[in-house]
Number of protein chains: 2
Amino acid sequence: MSVITIERKVLEKNDEIAKANRELFRNRGIYVLNFVSSPGAGKTSLLERTLEHLRGRLPIAVIEGDVQTDFDAQRVAKYNVPVVQIVTNGGCHLDAKLVADALQNLDLTDIKIVVIENVGNLVCPANYDLGEEIKVVVASTTEGDDKPLKYPTMFRNASVLIINKIDLLPHLPSNVEVLKNNALSINPSLQVFETSCTTDAGIAGWCDWLEKTCVKKP
Amino acid sequence: MSVITIERKVLEKNDEIAKANRELFRNRGIYVLNFVSSPGAGKTSLLERTLEHLRGRLPIAVIEGDVQTDFDAQRVAKYNVPVVQIVTNGGCHLDAKLVADALQNLDLTDIKIVVIENVGNLVCPANYDLGEEIKVVVASTTEGDDKPLKYPTMFRNASVLIINKIDLLPHLPSNVEVLKNNALSINPSLQVFETSCTTDAGIAGWCDWLEKTCVKKP
């Protein structure tokens, strides 16, 4: 049995569980986002700003994924929302089974949105469906304009691109228009937002879109 | 046959080829560095500054690894050094076989250093020996101070840590001492450098160390 056969079987098994997760979420009317990015692009900070902004408007629960530590769950818990930390112990991505297990420990009563924060990795999480409604890829301005072309699968599989750390643009050789156009050349239907979690720029626009989208959903 | 058995077999096979690569390099007196980091931490920029600084002092050849595109090989080729691009086509790390194949197309005559620039990924490349002498992990100040604790295997397996983009520190909530101490708590024997590829800060120190180390080697 080859490695490729094994890999296909792993992905097939994953897709089955993802389907069950998706059914569970849809039956409860919960909109689920899978946050993906390079390490340190600002997924947790973006989540914190989102929780702050939507507090009292939309009940949100969080599943945190990390290779090690529960730092992110600790950060999120301060916002008084249900949160579970998955530690992958070296694993490079979350899979649907890990999410299904986490759901056993997450109180979804009255919850309207679940944010799954994936392991910081622009490659492997692209191939694993967790049962989410959409993937949200966060790209930091500091990473350079060429990342969508160098890691195309992630940008192809995402529905939303959040260009984060725009407050740093004056100090960088980066060009946000080039980054955006590179991403749109890979995936023309990407919904793009530009944010700074330091200055709060763009956070309201992103949160308003999220609120409208998750209310509008079938 | 389980996935874990397959994974172990893949790593065993990899280690065999890595051993052969290492013998080839040592027989030729070539010092080999495996550059690893998150996407956009500045591996290619650091390599460019290193090529510039050591020009005329140490002949360097380069193996570039990317999921897609040959952008990095094009950037490096401008420095008039032998370079081969490996495109992994979705693969999340380089392995020893890919490096062995690349060596078939790389002229090593008179070469003293080979730099292998791995795929931007702080997880998977940590487990794959390519036959290098040392792993050099590049961490950008923009990624936050907690990355060594969240991705410990990479920092444990590296010999050198280069903290890059220090020119951005005045604009960041990051604390470089915390980052350094977190890394040293994982791996106390890390040799640490602080650099900026924009201002050239720290590049001379890093290159001088590299020159001394590769001359000193057994």
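The structure presented is a predicted model; accordingly, all values stated were derived computationally and were not measured.

Colleague: Hey, could you run me through the pattern of salt bridges in this one?
Modeller: Pairing is possible between side chains that carry opposite charge, provided their charged atoms lie close to one another. Scanning the entire structure with this criterion turns up 32 salt bridges over all chains. Two residues, Arg49 of chain A and Asp200 of chain A, come together in a salt bridge whose shortest N-O distance is 4.0 Å. Taken together, the residues Arg49 of chain A in helix H2 (residues 43-54) and Asp200 of chain A in the loop between strand S7 (191-194) and helix H8 (203-216) connect sequence positions 151 residues apart. Salt bridges sharing partners connect three or more residues here, namely Asp66 and Asp72 of chain A together with Asp146, Lys147 and Lys150 of chain B.

Colleague: Could you clarify how one ought to interpret the packing of aromatic side chains in this entry?
Modeller: Each pair of aromatic rings is reported with the distance of its centres and the angle of its planes. One pass over the full model with this rule turns up 8 aromatic pairs over all chains. An aromatic cluster of three or more residues is present, and its members are Phe35, Phe193, Trp206 and Trp209 of chain A.

Colleague: How do you make sense of the relation of the copies chain B and chain A when you look at a structure like this?
Modeller: Here two copies of a chain appear, and what relates them is a rotation about an axis with a shift along it. With an RMSD of 0.0 Å, the operation that places chain B on chain A is a rotation of 180° combined with a shift of 0.0 Å along the axis. Seen this way, the second copy is the image of the first under a two-fold rotation axis. In this assembly, 100% of the residues forming the interface of chain B have copies in chain A that are likewise at the interface, indicating an isologous arrangement.

Colleague: I keep staring at the sheet that holds strand S6 (residues 160-164) of chain B and nothing clicks. Help me out?
Modeller: By definition, the strands of a sheet pair up through backbone hydrogen bonds, in either a parallel or an antiparallel sense. All names here are of chain B. Within the open sheet, the 7 strands sit side by side as S3-S2-S4-S1-S5-S6-S7. Their pairing is parallel. For this open sheet the edge positions go to strand S3 (83-87) and strand S7 (191-194), each flanked by a neighbour on one side alone. In this sheet, neighbouring strand axes are inclined to one another by 20° on average, regardless of whether the strands run parallel or antiparallel. Strand direction decides the pairing type here: strand S1 (residues 31-37) and strand S4 (residues 113-117), joined by 5 bridges, are parallel. Across the sheet, Phe35 pairs through a bridge with Glu117, a residue of S4. With respect to the sheet, helix H7 (residues 176-186) is in contact with S6 and S7, its orientation differing from that of S7 by roughly 160°.

Colleague: Looking at this structure, I do not really get empty space enclosed by the protein. What am I missing?
Modeller: Scanning the entire structure with this criterion turns up 1 cavity of 30 Å³ or more. Residue lining of the largest cavity: 15 residues in total, with Pro39, Thr142 and Glu143 of chain A together with Thr142 and Glu143 of chain B positioned closest to the centre. Here the residues of the lining of the largest cavity sort into 4 nonpolar, 7 polar and 4 charged.

Colleague: What is the right way to look at the packing of H2 of chain A against H8 of chain A in this model?
Modeller: Two numbers describe a pair of packed helices, the interaxial angle and the distance between the axes. Residues and elements named next belong to chain A. Two elements in contact, H2 and H8, have axes separated by 10 Å at closest approach and are oriented at 70°. The angle between H2 and H8 places the two elements in the roughly perpendicular class. In this structure, H2 meets H8 at a crossing whose hand is right-handed. Taking contact as the criterion, the partners of Leu46, Arg49, Thr50, His53 and Leu54 in H2 are, on H8, Ile203, Ala204, Trp206, Cys207, Asp208, Leu210 and Glu211.

Colleague: What is the right way to look at the interface of chain B and chain A in this model?
Modeller: Contacts between chain B and chain A engage 34 residues on the former and 34 residues on the latter. Of the roughly 2,700 Å² buried at the junction of chain B and chain A (both faces included), carbon and sulfur atoms supply 66%. Taken together, chain B and chain A are joined by 4 salt bridges. With a shortest N-O distance of 3.5 Å, Lys150 of chain B and Asp66 of chain A are connected by a salt bridge. Contributions of two or more residues to the side of chain B that touches chain A are made by helix H1 (3-27), helix H3 (71-77) and helix H5 (147-150) of chain B. Class assignment of the residues belonging to the side of chain B that touches chain A gives a composition of 17 nonpolar, 10 polar and 7 charged.

Here is what the cut-offs are and how they apply
Sequence order as written defines the numbering, with residues in each chain counted from 1. Chains and ligands are labelled by the order in which they are written, letters from A for the one and numbers from 1 for the other. Local features in this predicted model are restricted to residues of pLDDT 70 or higher, and side-chain atom pairs are both shown and tallied only at a pLDDT of 80 or more, whereas totals for entire chains, interfaces and linings draw on every residue. Values reported for side chains reflect all heavy atoms of the structure, with hydrogen atoms and water molecules removed beforehand. Any Lys or Arg side-chain nitrogen located within 4 Å of an Asp or Glu carboxyl oxygen qualifies as a salt bridge. Each helix corresponds to a stretch of at least 4 residues labelled H or I by DSSP, and each strand to a stretch of at least 2 residues labelled E; elements are numbered beginning at the N terminus. Planes of paired rings set the category: under 30 degrees apart is stacked, over 60 is edge-to-face and the rest tilted, where pairs are Phe, Tyr or Trp rings (Trp by its six-membered ring) whose centres lie within 6.5 Å. Residues below a pLDDT of 70 in either copy are left out; the C-alpha atoms of the rest, at least 70 in both, set the least-squares superposition of the copies. Contact criterion: two residues are considered in contact whenever any of their non-hydrogen atoms come within 4.5 Å of each other. Note: two strands are recorded as paired if DSSP finds a minimum of 2 bridges between them. Helix axes are fitted only over the stretch in contact, all axes being lines through C-alpha atoms; the angle between N-to-C directions runs from 0 to 180 degrees. Of the grid points, spaced at 1 Å and generated over the protein atoms alone, those admitting a 1.4 Å probe that cannot get out make up cavities, while open sets with protein on both sides within 12 Å along at least five of seven lines make up pockets; any residue with an atom within 4 Å of a point is treated as lining. Grid points are joined across faces, edges and corners, and a volume is the space filled by probe spheres set on the points. Three classes are used, and their members are as follows: Ala, Val, Leu, Ile, Met, Phe, Trp, Tyr, Cys and Pro are nonpolar, Asp, Glu, Lys and Arg are charged, and the others, Gly among them, are polar. Roughly parallel means an angle under 35 degrees; roughly antiparallel, over 145; roughly perpendicular, 65 to 115; everything else is oblique. The handedness criterion is simple: a crossing whose near helix is rotated anticlockwise from the far helix by less than a right angle is left-handed, and one whose near helix is rotated clockwise is right-handed. Accessible surface is computed with a 1.4 Å probe, and the buried area is the amount of it that two parts give up when combined, taken over both parts together.

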